[in-house]
Protein chains: 2
Amino acid sequence: MLDLSTSAKNMRSSEIRELMKLAADPSIISFAGGMPGSDLLPTDIVDGLYASLSTQEKQVALQYGPTSGYPPLLESMASYLSSKGIDMTDQSLLVTSGGQQAINLITRILIDPGDRVITEDPCFIGALAAFLSYQAHLAGVPMDEEGMMAGPLRETIEKRYDSIKMVYLNPSFQNPSGIMYSQKRKKEILGILKKSRFCLVEDDPYCELYFDETDPPDTTPFKALAEHALPVCYIGSFAKIFGPGLRLGWLCGPSELIEKCELAKQSMDACSSSFSQVIAHKFLSQGSMPGFLKTVRARYAKRARIMLETLEVTMPEGISWTHPRGGFYVWVTLPESVNAADLFKAAIKQGAAFVTGNAFDPEGIKNNCLRLAFSHTPEDTIAQGIKIIASSLRSLL
Amino acid sequence: MLDLSTSAKNMRSSEIRELMKLAADPSIISFAGGMPGSDLLPTDIVDGLYASLSTQEKQVALQYGPTSGYPPLLESMASYLSSKGIDMTDQSLLVTSGGQQAINLITRILIDPGDRVITEDPCFIGALAAFLSYQAHLAGVPMDEEGMMAGPLRETIEKRYDSIKMVYLNPSFQNPSGIMYSQKRKKEILGILKKSRFCLVEDDPYCELYFDETDPPDTTPFKALAEHALPVCYIGSFAKIFGPGLRLGWLCGPSELIEKCELAKQSMDACSSSFSQVIAHKFLSQGSMPGFLKTVRARYAKRARIMLETLEVTMPEGISWTHPRGGFYVWVTLPESVNAADLFKAAIKQGAAFVTGNAFDPEGIKNNCLRLAFSHTPEDTIAQGIKIIASSLRSLL
């Protein structure tokens, strides 16, 4: 065996991957993968978009493009970001190969081994993997129903000030908890960060997936609320508003930072798929998004409702869970004595799966929680899957 | 400004990018970009492939896929690699976001700051960028018309043995020189590497682009010739046999290494574009490739012939250049007293562009060479562009 780099030696070996393989068995009712329902993906819209391409656009789709992104797509994305209240003065925009690459790039240009990242606790698993791959140290800050808690954030900063380089959070329908940050909490956090020299990395892939069309929550991002002096990198993705298979996201932040990210991206994958970018630009510019979102919001809302109603009637006492107003996830907290890995083993034997809580713990330890994704499970099997998990849980208590 | 990571601080600021921006002016006859001719990209084939997709395949195209790659594509790629004589025993295959990502991944899992990579001199610019981004030290080995020279390779290894981690080369119609390795040289190099513990990284995107259909050169890769004990990572790409815009390549090597690369990729971009993978699988499995390659080989051969003939009749004495039997590039060597940057400035004023040699120098210094790509310049303007470069050169001599 060859001598590996320090980075390769330190990669967290992935138990999760093994669990996910089990969960991929089609006979299992799976709440594991954090992905859109395949039946909800806009294949018919893509047919129309493809049919509208000129030969020249198809040539662009098959050719290399600029590392920063396909210029017409950058324009349509900038006008989308403006509509969210983001001021682009001194800011730049980079097309990335999914939101994951955006997280990876900003980590790459900010983090040396041993530097610290403040995350939510629990935190998105892909972000944890990116931070750890650059040998970052982590500091998880607990959440309540309004987001990352201000007191513990302040304490963490006081204790660790010198090593901290960035704060990472997921403001809308957080992965894995489903929590939506209140505007009050956003302002409170911005107040705390005001004097720091940290970069705030705001990863916001779920902001369009609120359930109530008639009374949507306020999803104005940190980036639109922050004072100009605070560096905020805003990450978005086409994964949840179009399709993850395109592998397209974006990173919007201070121009000096984005320039460095572009250089790093150049040696990482040269540019993101031109094919995906040409299609995504048509999706935005031909106005396909609003209608598509309206359809999927209703479907995700319905899936969430079935899941929450079934949890209500089947779960034993002493179990709590979040009540998301959008997104993909419900986060369940078990009594501390119960290990979610045991529940996973029991449930999968009966035919249902989820992701155990330790995957989202910055320390990789705490395991009395679980993430249930309702997004990709057909409406007619959600109740049955939850019943299996509930009865497996009863058998463990 | 935020405090950047060591990696970000060390990124080579890119003069080349500035030159390339100049070269992108459509009124310039450009031999700069190393890319297929847009007019040669198979847009009509893609129409057919897209039309053949079932709704289920379109859902797969829009959904996340496994990090390792879309399983049917992995199968069709494995059978393509077998046809090149590669034995897959204990080897694994990873789909990557272009060949660039494959180079980046293998560098990431093998190289710590200060470790050394042996490269060709001159060397592919994207590989240099990836190596430098991980703070590798480089050692360039000169080439002759049969490839990397054996004597200097042996000397470099003797001098630097302890720090060397990998050897990187481009065996077919090398970028930037156009040189095709002889089978004799391949065996000689394998003999030298036999006892080392280095990884041989064989990056082979141009192997299908030989000019003479009736007498193709022997492109059997190092990977098929090497003894099993020597770890060889074979990198390929769809960029030159289909279209770069798909951003699809592959990495084939010892399973323990590929597993680590897969973990690194997971935190880099989760998976490559499913859309591209579904299309690429159809391209391979429906047998579109042989006919397409036949067409483009003839076109590239014609472009090369026009360039070489024009160089012959226009270049002043004392200038030499390579005579490629395939690929995209001619490598021109000027007298040592001439700086290619001066030639670039003179030529671009008259309306022609290329890439200066220092971009491909592992040390980033030597600059009496230039790379001419004939691949993406229409047949009817190649002669005119070469004449401009020749007359600019005369004015400098």
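Going by the structure above, here's the rest.
Since this is a predicted model, take the numbers as computed values, not measurements.

Undergrad: Could you clarify how one ought to interpret the overall build of chain A in this entry?
TA: A count of helical and extended segments in chain A gives 15 helices and 14 strands. Its C-alpha atoms give chain A a radius of gyration of 21 Å, within 12% of the compact-globule value 21 Å for 397 residues. Seen through its C-alpha atoms, chain A measures out along the principal axes to roughly 60 × 55 × 55 Å. Within chain A, the proportion of its 397 residues that are buried is 65%. The long-range fraction of contacts in chain A, counting pairs at least 24 apart against all pairs at least 6 apart in sequence, stands at 76%. Surface summary for chain A: the accessible area is close to 14400 Å², and the carbon and sulfur share equals 51%. Side-chain charges in chain A split into 38 positive and 44 negative, and the spacing between the mean points of these groups amounts to 2 Å.

Undergrad: What exactly am I supposed to notice about the relation of the copies chain A and chain B here?
TA: Each copy of the chain is related to the other by a rotation around an axis and a translation along that axis. Its rotation angle being 180 degrees, the transformation that places chain A on chain B also includes 0.0 Å of axial translation and leaves an RMSD of 0.0 Å. Such a combination of turn and shift is consistent with a two-fold rotation axis. Considering only C-alpha atoms, the part of chain A nearest the rotation axis is Ser273(A), at 3.6 Å. When the interface residues of chain A are mapped onto chain B, 100% of them again fall at the interface, so both copies present the same face.

Undergrad: Help me out: how do you make sense of the packing of helix α8 (residues 150-160) of chain A against helix α9 (residues 183-193) of chain A in this one?
TA: Between two packed helices, what matters for the description is the angle formed by their axes and the separation of those axes. Residues and elements named next belong to chain A. Remark: α8 packs on α9, axes separated minimally by 10 Å, with the N-to-C direction vectors making an angle of 15 degrees. With respect to α9, the element α8 is oriented roughly parallel. Both α8 and α9 take part in a crossing whose hand is right-handed. Along its contact with α8, which presents Ala-150, Leu-153, Arg-154 and Ile-157, the element α9 presents Arg-185, Glu-188, Ile-189, Ile-192 and Leu-193.

Undergrad: What's the story with the interface of chain A and chain B in this structure? I'm lost.
TA: Put simply, an interface is often sized by how much accessible area is lost when its parts join up. Taken together, the contact pairs 73 residues of chain A with 73 residues of chain B. Roughly 6300 Å² of surface becomes buried between chain A and chain B when both sides are summed, with 58% attributable to carbon and sulfur atoms. Taken as a group, Leu2(A), Leu62(A) and Tyr64(A) account for 12% of the area that chain A buries against chain B, more than any other trio of residues on that side. Our count for the contact surface shared by chain A and chain B stands at 2 salt bridges. Here Asp47(A) ties to Lys58(B) by a salt bridge, and the two come within 2.9 Å at their closest N and O atoms. Scanning the region where chain A abuts chain B turns up 40 residue pairs in polar contact (both at pLDDT 80 or more). Contributing elements (two or more residues each) for the side of chain A that touches chain B: α1 (6-9), α3 (43-51), α4 (55-62), α6 (98-110), α7 (125-133), α11 (255-269) and α12 (274-285) of chain A. Residue contributions to the side of chain A that touches chain B peak at 10 residues, all from α11(A).

Undergrad: How should the nonpolar core be read in this particular structure?
TA: Core analysis: the largest hydrophobic core is formed by 158 residues, its most contacted members being Phe238(A), Leu372(A), Phe238(B) and Leu372(B). The next biggest cluster of nonpolar side chains, apart from the first, holds 70 residues, and it includes Phe124(A), Val201(A), Leu263(A) and Leu94(B).

Undergrad: Where do I start with unusual backbone geometry in this structure?
TA: Trans is the common state for peptide bonds, and a negative phi is the common state for residues other than glycine. Residues and elements named next belong to chain A. A cis amide bond links Asn-175 to the next residue, Pro-176, at an omega of 15 degrees. When you line up the elements, Pro-176 lands in the loop between β6 (164-169) and α9. The phi angle at Asp-90 is positive, at roughly 60 degrees, despite the residue not being glycine.

Undergrad: Looking at this structure, I do not really get the environment of Pro324(B). What am I missing?
TA: Residues and elements named next belong to chain B. Assignment of secondary structure puts Pro-324 in the loop between β10 (320-321) and β11 (329-333). Separated by 26 residues in the primary sequence, Pro-324 and Gln-350 have C-alpha atoms spaced 27 Å apart. If we skip the residues at most four places from it in the chain, Pro-324 touches Gly-178, Phe-211, Leu-308, Tyr-329, Val-330 and Phe-374.

Undergrad: It is not clear to me how the sheet that holds strand β2 (residues 91-96) of chain A should be interpreted in this structure. Could you clarify?
TA: Sheets are built from strands that pair by backbone hydrogen bonding, the pairs being arranged parallel or antiparallel. All names here are of chain A. Strand order in the open sheet formed by 8 strands is β2-β9-β8-β7-β6-β3-β4-β5, with mixed pairing between adjacent strands. At either end of the open sheet lies a strand with only one pairing partner, and these are β2 and β5 (147-148). As paired strands, strand β7 (residues 199-203) and strand β8 (residues 232-237) are joined by 4 bridges and run parallel to one another. Within β8, the residue paired with Asp-203 across the bridge is Ile-235. Together, β2, β8 and β9 (249-254) form the strand contacts of helix α5 (residues 71-83), whose direction differs from that of β2 by roughly 120 degrees.

Undergrad: Can you walk me through the sheet that holds strand β10 (residues 320-321) of chain A in this structure?
TA: All names here are of chain A. Reading across from one edge, β10-β11-β14-β13 is the order of the 4 strands in this open sheet, with antiparallel pairing throughout. At either end of the open sheet lies a strand with only one pairing partner, and these are β10 and β13 (355-356). With 2 bridges connecting them, β13 and strand β14 (residues 369-373) associate as antiparallel partners. Along β14, the bridge assignment pairs Thr-356 with Leu-370.

Undergrad: Which parts of the structure should I look at to understand the side chain of Asp121(B)?
TA: Residue and element names in this part refer to chain B. The residue Asp-121 is located in strand β3 (residues 116-121) in this model. The exposure class of Asp-121 is buried, given its relative accessible area of 17%. Within the local environment of Asp-121, its side chain forms a polar contact with the side chain of Lys-366, the two groups lying 2.6 Å apart.

Undergrad: Looking at this structure, I do not really get the pattern of salt bridges. What am I missing?
TA: Note on pairing: side chains with opposite charge can pair once their charged atoms come close. Residue and element names in this part refer to chain A. A complete count under the given rule lists 32 salt bridges over all chains for this structure. Ionic pairing is found between Asp-39 and Arg-303, a salt bridge with its closest N-O pair at 2.9 Å. Of the two residues, Asp-39 sits in the loop between β1 (29-30) and α3 while Arg-303 sits in helix α13 (residues 289-314), which places them 264 residues apart along the sequence. Given a relative accessible area of 43%, Asp-39 falls into the partly exposed group. Under the relative-accessibility criterion, Arg-303 is labelled buried at 0%. The closest approach of N and O atoms between Glu-213 and Arg-297, which form a salt bridge, is 3.0 Å. With a gap of 84 residues between them, Glu-213 in the loop between β7 and α10 (222-225) and Arg-297 in helix α13 connect regions that are remote in the sequence. Each of Asp-39, Arg-299, Arg-303 and Glu-379 takes part in one network of salt bridges that share partners.

About the cut-offs
- Residues numbered from 1 in each chain as written.
- Chains lettered and ligands numbered in written order.
- Predicted model: local features only at pLDDT ≥ 70, side-chain atom pairs only at ≥ 80, totals over all residues.
- Heavy atoms only, no water.
- Helix = DSSP H or I, 4+ residues; strand = E, 2+ residues; numbered from the N terminus.
- Rg over C-alpha atoms; globule rule 2.2 N^0.38 Å.
- Buried < 20%, exposed > 50% of the residue type's maximum accessible area, 1.4 Å probe, protein only.
- Contact = heavy atoms within 4.5 Å.
- Areas by Shrake-Rupley, 256 points an atom, 1.4 Å probe, with all protein chains shown as cover.
- Lys, Arg positive; Asp, Glu negative; His and termini not counted.
- Charge placed at Lys NZ, Arg CZ, Asp CG, Glu CD.
- Least-squares fit on C-alpha atoms with pLDDT ≥ 70 in both.
- Axes fitted to C-alpha atoms, helices over the stretch in contact; angles between N-to-C directions.
- Parallel < 35°, antiparallel > 145°, perpendicular 65-115°, else oblique.
- Left-handed = near helix turned anticlockwise from the far one by under 90°.
- Buried area = accessible area lost by both parts, 1.4 Å probe.
- Salt bridge = Lys/Arg side-chain N within 4 Å of Asp/Glu carboxyl O.
- Polar contact = N/O pair within 3.5 Å; in protein donor to acceptor, adjacent residues only side chain to side chain.
- Core = buried A, V, L, I, M, F, W, Y, C linked by side-chain atoms within 4.5 Å.
- Pairing = 2+ DSSP bridges.

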